[in-house]
Amino acid sequence: MKTKDFYFDLPEELIAQHPAGVRGQDKLMKLDRFSGKVEHHLMEDLCDLIEPGTLMIFNNSKVRRSRCYAKPLGKLVNENEKSSAGLQEPTKEVEFLLLNSLDTQDLSKVLPNCQQGKIWKAMVKNAKRQKAGKRFEFTDGTIGTIIENPADAGTEFRTVEFDRVVDEKWFEANGHIPLPPYIKREDVDSDAERYQTIYAKETGSAAAPTAGLHFTDSIFEKLKAKNVQIEYVTLHVGLGTFLPVRAEQIEDHKMHEEFFTVSEQTAAAVEKAKAEGRPVLAVGTTSLRTLESAWNVEKGILERGTHSTSIFIYPGYKFKVVDKLFTNFHTPESTLLMLVSAFAGKENILSAYQHAVENKYRFFSYGDAMLIG
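Residues numbered from 1 in each chain as written. Predicted model: local features only at pLDDT ≥ 70, side-chain atom pairs only at ≥ 80, totals over all residues. Heavy atoms only, no water.

Caption draft 1: The arrangement of the overall build of the protein in detail. Each helix and strand counted, the protein has 10 helices and 19 strands in total. Against the globule reference of 21 Å for 373 residues, the protein gives a C-alpha radius of gyration of 22 Å, in line with a compact fold. Viewed in the frame of its principal axes, the protein has a C-alpha envelope of about 65 × 45 × 40 Å. A total of 373 residues make up the protein; the buried ones form 53% of that total. Expressed as a percentage of contacts within the protein between residues at least 6 apart in sequence, the contacts between residues at least 24 apart total 75%. Carbon and sulfur atoms form 49% of the exposed surface of the protein, whose accessible area is close to 17,400 Å². Positive and negative side-chain charges of the protein, numbering 48 and 53 respectively, have mean locations separated by a distance of 2 Å. (Helix = DSSP H or I, 4+ residues; strand = E, 2+ residues; numbered from the N terminus. Rg over C-alpha atoms; globule rule 2.2 N^0.38 Å. Buried < 20%, exposed > 50% of the residue type's maximum accessible area, 1.4 Å probe, protein only. Contact = heavy atoms within 4.5 Å. Areas by Shrake-Rupley, 256 points an atom, 1.4 Å probe, with all protein chains shown as cover. Lys, Arg positive; Asp, Glu negative; His and termini not counted. Charge placed at Lys NZ, Arg CZ, Asp CG, Glu CD.)

So this is what it looks like as structure tokens:
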């Protein structure tokens with residue numbers, strides 16, 4: 001199957017650069033995944049479109065201020081050079097997207113003497129130019145050094161060693177909200193709230209699980225009043241979710257690893273819903289990927305605890321857990337468009353997307369929503 005088969009023409013003006021004026025005031029398209037029938041609604045209609053007894057699963061991962069900027073300092077010659085680093089000739093800042101702290105036990109064979117919390121996997125602008133040994137000074141004076149890691153070979157990733165432990169306080173002082181590249185502006189104060197779900201709890205994502213951005217306290221109250229059950233999983237959104245597909249054949253694309261957690265309460269709720277024939281509705285592709293990754297086919301249960309996944313869902317995949325999906329409108333030729341095409345059929349999805357373009361739906365992270373069932 002070719003990547004170009006998932007292309008569609010999207011006018012640039014339909015790419016949402018800002019969220020709706022009020023959270024939850026978005027358009028909502030309903031798509032019948034079997035017939036391809038499309039209906040046009042608003043988010044305020046959502047509760048009327050979900051049947052009582054449905055189990056809705058949300059991803060409660062919280063976005064980290066993971067986009068950081070640093071001044072290049074060249075290579076370290078000796079320890080005394082560090083104190084005079086700020087006196088060097090200023091150069092253009094380099095953008096880093098810090099993804100996750102690397103486990104020093106796993107790295108100890110290739111990176112001796114590494115310390116927990118100081119070694120981070122990062123995506124770096126102009127990665128080919130960021131060679132091992134290059135140093136950078138971040139906003140608060142922290143120094144990060146690109147270090148050798150065989151896993152980085154030929155990729156846009158780099159391993160960065162910091163001269164201090166990088167924790168959530170550090171991100172608050174140095175980081176920016178990691179708006180995706182198709183939002184052509186710098187982040188502003190309001191993005192700290194709007195690029196975050198109201199139920200976000202577990203910090204660790206490098207991008208928002210954006211389907212959840214539409215939900216408000218009022219919507220949750222209406223869902224519960226309708227006897228809709230709500231549970232949560234955690235999948236920390238990394239590059240596996242949004243890196244472009246560069247392979248000509250989609251089967252050749254490799255997803256990057258992401259980490260997820262399923263609680264005992266959520267697993268039991270899913271198993272009970274499946275046993276009783278009640279629909280499981282995943283809110284967002286990350287919730288769907290978590291549920292499908294955690295399902296143990298042999299035992300017919302959802303695995304508890306923390307695991308990793310690099311699952312790539314494209315047409316031909318047989319869904320085991322999820323019956324309905326609430327999601328945003330996705331980018332052409334993306335893994336997310338391939339996922340929804342697997343769920344509802346490529347022809348149905350591309351036809352629905354054409355309806356969305358004709359009816360001026362807003363696309364991507366800050367855009368409108370779709371309920372597929």
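The structure having been displayed, the exposition proceeds.
Caption draft 2: Molecular detail of the side chain of D368. Along the chain, D368 falls in the loop between α10 (346-358) and β19 (369-372). Within the buried set, D368 has no salt-bridge partner at all; the shortest N-O distance to an opposite charge, 4.7 Å, is to R362. A distance of 2.9 Å separates the side chain of D368 from the backbone nitrogen of K27, its partner in a polar contact. Within the structure, D368 has its side chain in polar contact with the backbone nitrogen of R362 (distance 2.6 Å). Sequence-distant contacts of D368, that is, excluding residues within four places in its chain, are made with D26, K27, H214, N328, F329, Y361 and R362. (Salt bridge = Lys/Arg side-chain N within 4 Å of Asp/Glu carboxyl O. Polar contact = N/O pair within 3.5 Å; in protein donor to acceptor, adjacent residues only side chain to side chain.)

Caption draft 3: The arrangement of helix α9 (residues 335-344) in detail. Of all 10 residues that make up α9, 10 are buried, and the element is covered over most of its length. G345, located one to two residues past α9, shows a positive phi value of around 95 degrees.

Caption draft 4: A look at the environment of G175. With respect to the secondary-structure elements, G175 resides in the loop between α3 (168-174) and α4 (191-194). Classification of G175 as buried rests on a relative accessible area of 8%. The sequence separation of G175 and Y69 amounts to 106 residues, and the corresponding C-alpha distance is 7.8 Å. Beyond its immediate stretch of four places on either side in the chain, G175 contacts R65, R67, C68 and W170.

Caption draft 5: Expanded view of the sheet that holds strand β12 (residues 229-235). With respect to topology, nine strands assemble into an open sheet ordered β2-β1-β19-β18-β14-β3-β12-β13-β17, the strand pairing being mixed. With one partner strand each, in any of the chains shown, β2 (38-42) and β17 (305-309) form the two edges of the open sheet. Between one strand axis and the next, the sheet turns by 25 degrees as a mean value, whatever way the strands run. Where strand β13 (residues 258-262) and β17 come together, five bridges link them in antiparallel fashion. Across the sheet, the residue bridging to F260 is H307, located in β17. Sheet strands touched by α10: β1 (27-31), β2, β18 (324-328) and β19. Its angle to β1, the strand with the most contacts, is close to 150 degrees. (Pairing = 2+ DSSP bridges. Axes fitted to C-alpha atoms, helices over the stretch in contact; angles between N-to-C directions.)

In short, the description is geometric, and any link to function would need to be established separately.
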